[in-house]
There are 2 protein chains.
Amino acid sequence: MSDLLETVRGLAKKTDSKILLVVLDGIGGLPRTPGGETELASAKTPNLDALAQRSELGQLELVGAGITPGSGPGHLSLFGYDPLKYVVGRGALSAVGIGVKLNSGDVAVRGNFATLGEGRTVLDRRAGRPSDEKNAEIVARLRQAIPDIEGTPVEIYTESEHRFVVVFRAAGEPLGASISDVDPQATGVAPLTATAHDAASEKTAALVNAFVSRAEETLRAEEQVNGVLFRGYSDVPHFPSFDDAYQLRAACIASYPMYKGLASLVGMDVLTVEGQEDALEGKVAALTENWDKYDFFYFHVKKTDSTGEDGDFDAKVKKIELFDALLPQLLALQPDVLAIAGDHSTPSRLASHSWHPVPFLIHSEYGRKDVTSRYTEEEAQKGSLGLRRGTDLMPLLMAHALKLNKYGA
Amino acid sequence: MSDLLETVRGLAKKTDSKILLVVLDGIGGLPRTPGGETELASAKTPNLDALAQRSELGQLELVGAGITPGSGPGHLSLFGYDPLKYVVGRGALSAVGIGVKLNSGDVAVRGNFATLGEGRTVLDRRAGRPSDEKNAEIVARLRQAIPDIEGTPVEIYTESEHRFVVVFRAAGEPLGASISDVDPQATGVAPLTATAHDAASEKTAALVNAFVSRAEETLRAEEQVNGVLFRGYSDVPHFPSFDDAYQLRAACIASYPMYKGLASLVGMDVLTVEGQEDALEGKVAALTENWDKYDFFYFHVKKTDSTGEDGDFDAKVKKIELFDALLPQLLALQPDVLAIAGDHSTPSRLASHSWHPVPFLIHSEYGRKDVTSRYTEEEAQKGSLGLRRGTDLMPLLMAHALKLNKYGA
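A quick note: this is a predicted structure, and the numbers were derived from the prediction, not measured. (Residues numbered from 1 in each chain as written. Chains lettered and ligands numbered in written order. Predicted model: local features only at pLDDT ≥ 70, side-chain atom pairs only at ≥ 80, totals over all residues. Heavy atoms only, no water.)

A few points about the domain arrangement of chain A
- For chain A, the assigned domains are domain 1 (4-86 + 240-400) and domain 2 (94-234).
- Computed from C-alpha coordinates alone, the two centres of domain 1 of chain A and domain 2 of chain A are separated by 33 Å. (Domains from an automatic or database assignment.)

Notes on the interface of chain B and chain A
- Contact residues are listed per partner, giving 28 residues for chain B and 37 residues for chain A.
- Summing both partners gives a buried area of about 2,600 Å² for chain B against chain A, and 58% of it is carried by carbon and sulfur.
- At the junction of chain B with chain A, the criterion picks out four salt bridges.
- Elements with a minimum of two residues in the side of chain B that touches chain A: helix 1 (4-11), strand 14 (386-389) and helix 14 (393-400) of chain B.
- Classifying every residue of the side of chain B that touches chain A gives 14 nonpolar, seven polar and seven charged. (Contact = heavy atoms within 4.5 Å. Buried area = accessible area lost by both parts, 1.4 Å probe. Salt bridge = Lys/Arg side-chain N within 4 Å of Asp/Glu carboxyl O. Helix = DSSP H or I, 4+ residues; strand = E, 2+ residues; numbered from the N terminus. Nonpolar A, V, L, I, M, F, W, Y, C, P; charged D, E, K, R; others polar.)

A short note on the environment of Y407(A)
Residue and element names in this part refer to chain A.
- Along the chain, the position of Y407 falls in the segment after helix 14 (393-400).
- On a C-alpha basis, the gap between Y407 and A12 in space is 10 Å, while along the polypeptide they are 395 residues apart.
- Setting aside its immediate chain neighbours within four residues, Y407 contacts T7 and L11.

Quick look at the sheet that holds strand 1 (residues 19-24) of chain A
All names here are of chain A.
- Across the sheet, which stays open at both edges, the eight strands sit in the order 10-9-11-1-12-13-2-14 with mixed pairing between neighbours. Of all the strands in the sheet, the pair left with one neighbour each is strand 10 (269-270) and strand 14 (386-389).
- Relative to strand 12 (residues 337-341), strand 1 runs parallel, the two being bridged by five bridges. When the bridges of strand 12 are listed, V23 appears paired with A341. (Pairing = 2+ DSSP bridges.)

Observations regarding the pattern of salt bridges
Residue and element names in this part refer to chain A.
- Counted by the stated rule, this structure contains 44 salt bridges over all chains.
- In this structure, D183 and R125 form a salt bridge, with 2.9 Å as the shortest nitrogen-oxygen distance. Within this pair, whereas D183 is found in the loop between strand 7 (163-168) and helix 7 (202-218), its partner R125 is found in the loop between strand 4 (122-124) and helix 6 (132-145), the two being separated by 58 residues in sequence. Note on accessibility: D183 and R125 belong to one class, buried.
- When salt bridges with common partners are traced through the structure, they connect K134, E137, R141 and E222 into a single cluster. (Buried < 20%, exposed > 50% of the residue type's maximum accessible area, 1.4 Å probe, protein only.)

A short note on the packing of helix 4 (residues 71-78) of chain A against helix 9 (residues 257-265) of chain A
Residue and element names in this part refer to chain A.
- Contact pair helix 4 / helix 9: the axes reach a minimum separation of 11 Å and the direction vectors enclose 40°. The angle between helix 4 and helix 9 falls in the class oblique. Along this stretch, helix 4 crosses helix 9, giving a crossing that reads as right-handed. Of helix 9, the residues touching helix 4 (which contributes S71, G72, H75 and L76) are M258, Y259 and L262.
- Along the lines of polarity and charge, the residues of the contact of helix 4 with helix 9 split into four nonpolar, three polar and no charged. (Axes fitted to C-alpha atoms, helices over the stretch in contact; angles between N-to-C directions. Parallel < 35°, antiparallel > 145°, perpendicular 65-115°, else oblique. Left-handed = near helix turned anticlockwise from the far one by under 90°.)

Focus: the sheet that holds strand 13 (residues 358-364) of chain B
- As summarised here, the arrangement of the eight strands in space is 10-9-11-1-12-13-2-14 (chain B), forming an open sheet in which the pairing is mixed. A single partner strand is all that each edge strand has here, and the edge strands are strand 10 (269-270) and strand 14 of chain B.

Some details on the relation of the copies chain B and chain A
- Superposing chain B onto chain A takes a rotation of 125° combined with a translation of 0.5 Å along the rotation axis, leaving an RMSD of 0.7 Å. Taken together, the rotation and translation describe the operation of a three-fold axis.
- Interface overlap between copies: only 4% of the residues of chain B at the interface are likewise at the interface in chain A, consistent with a contact formed by different surfaces. (Least-squares fit on C-alpha atoms with pLDDT ≥ 70 in both.)

Comments concerning helix 7 of chain A
Residue and element names in this part refer to chain A.
- Helix length check: helix 7 (17 residues) gives 24 Å between terminal C-alpha atoms against 24 Å at 1.5 Å per residue, within 8%.
- Considered for burial, the residues of helix 7 that qualify are T204, A205, L207, V208, F211, V212, A215 and E216. For helix 7, the angular spread of buried residues about the axis comes to 160°, placing them on one side. What points out from helix 7, more than 90 degrees from its buried face, is the exposed set E202 and E217.
- Close packing links the buried residues of helix 7 with strand 3 (107-116), helix 6, strand 5 (148-149), strand 6 (152-160), strand 7 and strand 8 (227-234). (Expected span 1.5 Å × (residues − 1). Arc of directions from axis to C-beta.)

Some details on unusual backbone geometry
All names here are of chain A.
- Within the chain, Q185 stands out as a residue other than glycine whose phi angle is a positive 50°.
- With respect to the secondary-structure elements, Q185 resides in the loop between strand 7 and helix 7.
- With a phi angle near 45°, A279 is a residue other than glycine that sits in the positive phi range.
- On the secondary structure map, A279 appears in the loop between strand 10 and helix 10 (280-289).
- Assessed through its relative accessible area of 12%, A279 is described here as buried.

Re helix 14 of chain B
- Counted residue by residue, helix 14 of chain B has eight buried out of eight residues, so it is predominantly covered.
- Buried within helix 14 of chain B we find L393(B), M394(B), P395(B), L396(B), L397(B), M398(B), A399(B) and H400(B).

A word on the side chain of E379(A)
Residues and elements named next belong to chain A.
- Turning to its location among the elements, E379 is positioned in helix 13 (residues 377-382).
- Reaching out from E379, the side chain makes a polar contact with the backbone nitrogen of S373 at a distance of 2.7 Å.
- Setting aside its immediate chain neighbours within four residues, E379 contacts V371, T372, S373 and R374. (Polar contact = N/O pair within 3.5 Å; in protein donor to acceptor, adjacent residues only side chain to side chain.)

Quick look at the pairing of strand 9 (residues 250-253) of chain A
Residue and element names in this part refer to chain A.
- Of the two faces of strand 9, both are covered, the one formed by A250 and C252 as well as the one formed by A251 and I253.
- Pairing of strand 9 with strand 11 (residues 296-301), which is carried by four bridges, proceeds in the parallel orientation. Bridge pairing in strand 11 links I253 to F299.
- Since strand 9 and strand 10 lie parallel, the crossover through helix 9 that links them has a hand, and here it is right-handed. (Right-handed = clockwise from strand over helix to strand, strands pointing away.)

Let's talk about the packing of aromatic side chains
Residues and elements named next belong to chain A.
- Counted by the stated rule, this structure contains 28 aromatic pairs over all chains.
- Taking 4.9 Å as the distance between ring centres and 75° as the angle between the ring planes, the aromatic pair formed by F242 and Y246 counts as edge-to-face. Taken together, the positions of F242 and Y246, both in helix 8 (residues 242-246) and four residues apart, correspond to about one turn of that helix. Grouping residues by exposure puts F242 and Y246 together as buried.
- Joined through ring pairs, the aromatic side chains of F79, Y81, Y86, F239, F242, Y246, F296 and Y298 make up one cluster.
- The cationic tip of K18 hangs over the ring face of W291; the distance from NZ or CZ to the ring centre is 5.8 Å. (Phe/Tyr/Trp six-rings, centres within 6.5 Å; stacked < 30°, edge-to-face > 60°. Lys NZ or Arg CZ within 6 Å of the ring centre and 35° of its normal.)

Re the environment of D336(A)
Residue and element names in this part refer to chain A.
- On the secondary structure map, D336 appears in the loop between helix 12 (313-331) and strand 12.
- Separated by 194 residues in the primary sequence, D336 and L142 place their C-alpha atoms 50 Å from one another.
- Non-local contacts of D336, meaning those with residues more than four positions away in its chain, are made with D16, S17, K18, H363, S364 and E365.
- Within the structure, D336 has its side chain in polar contact with the backbone nitrogen of K18 (distance 2.8 Å).

Quick look at the structure:
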């Protein structure tokens, strides 16, 4: 397939129109029991219903038929980057998500603090889920103990609870990221020794193993937080930025590190959101305050996914209804193009991401009429926008915003 | 487009779930007269109807828009191998289908015995459809007369009636398979001289032309079976096997050589089926007996195609009804995922394969609701699975069987 992104990049133009892309994380679902209604169909959503009746609907397959997308690939696809071509590791996402700037050649790694017992046996892969404060205290000690490893600068950052991020800064040769996990993903066994899958990663594997030893040494007196486990190593990918690809000044409105990190990787400004957790009111405030400053907004709602991941059908329904209650405030801003989509499905029944297509909706002055009456999976199946790859969304939004020149004479 | 098969291969995992893929050969049809009902819609299929109401439907385009698939490409697509990338000639299929092991560099060719008249004019392209016994007798004479051609070993095999297969074994350099047909596909003209389309195939063209001369010399005293026509040359393709690509222990349940050959090329075990021709009861018996031994079954039904090829609308309807009567025995095995599809359409009105998409159905615990009420072309158009490439089927089946890990974090 020729890359649609490259074509769009050649056609994009700056205009005053505004695009608002709402991503309801993990929005697609399944019936609670086969043949029944999904979470979206069960929710009472008068505002979404009314919007659907004035919009066009369709379904997006984010990566490909049958493929269950992680949040990274799902979002990249929504942003127009083929997720099979642009691969971002979780380590890079986590690092960027907490505001760390990565350079070409660096490697970012996700770590878990763990509790080790006799003979380095893993007793708890999450070290009893320490508080963020405890995490920061441990990180401070590690920073002091491991400022570098044989000349390679090492940076250590708190993520939250048991999670932290290590960045190995390339000093000379770029560091490879193709190495095996330290995390055995099981208790009762010792942490694994990292091994390199290619020559470029041999130095990185040695750095990781040295880090593990020195961290255990440093933390030996700790009862719970006395070990580290690593998985999700990533080098730094190169994206055509949103500005370059779409001529868009783009802003991200999200609360969770990974989504902010991803948006920042593609060149969006990450706006400050006040409030705890999903902070929907804080997000609306950030959107409203910055409305005049950008022409593209990525507005992320997390809890539709978290509740699905918890397998809590009713809670997911409630989170959908919460968003519905918020929708009039978004409409009041009168975006030229409003899209609602998901980065993947998270059916409560599976309590995990799934491969099922997500319903999506585009509202603009230039939409055709279609027969859909609600924003649900079943209605989206009938929608005029059809079943599409996720990477089709951005070109459609750009077109509806009249931001694309004609292709060819 | 990056290859979805490669992505699936990286995500596939072994589980206990079982997939049953029923291929109703040539199942897609056309109305007997424009505006009427197709063969599927005309058939009385209470079991299929009930299944469709509990399943998701869609349409598969096996090769691409407007492209009429041969049985080889159609099946490859169903098995997840892009038929534009994995090209298997009919010769290789025929050879493997009768149990001949092909090696890299060999070329397999399909032949027809023909009746030649004055001046080598083709009088009958099928030599009056000789019996299999007559075929075998002729093949024995040719084997004796042509054990090799200038040092290249030649093997000759009976297929059935007028059909036979020749394998030229590479002795040193690999043989190319890009040569023109000997079969003029018309009577009243002489057989054509094979010419090479590339340098690698020049030796093969010479071998083919020498074979034709020596065969005519050997058979000169025969009245009916006195000439040979060739088309369908193929070298030996390399597939990631079903085991390698999908982590599946796969079994083929089919009666006709080509389908068994194809399944064996992609690494399926070919099960023994008792009975003549389509042997539906024998196939069900083979399926039932081997149910515990495999996690993927390819179950082939041939007569839906043969009747379409004969242009016999009513006979095709009957064969569909025969399958419908059998369906409860398949359902009784309780496959985790049951799919019904075709390798191409064979509308009776065209009396040949056609380019029309085939309806397909997936039944699993993890399907969404859709509006379809029957397994027909018209209902499939409304199905939630949409209009897709044939290569999407296997990833979907793997996903529904929960045999694929998540892509990315």
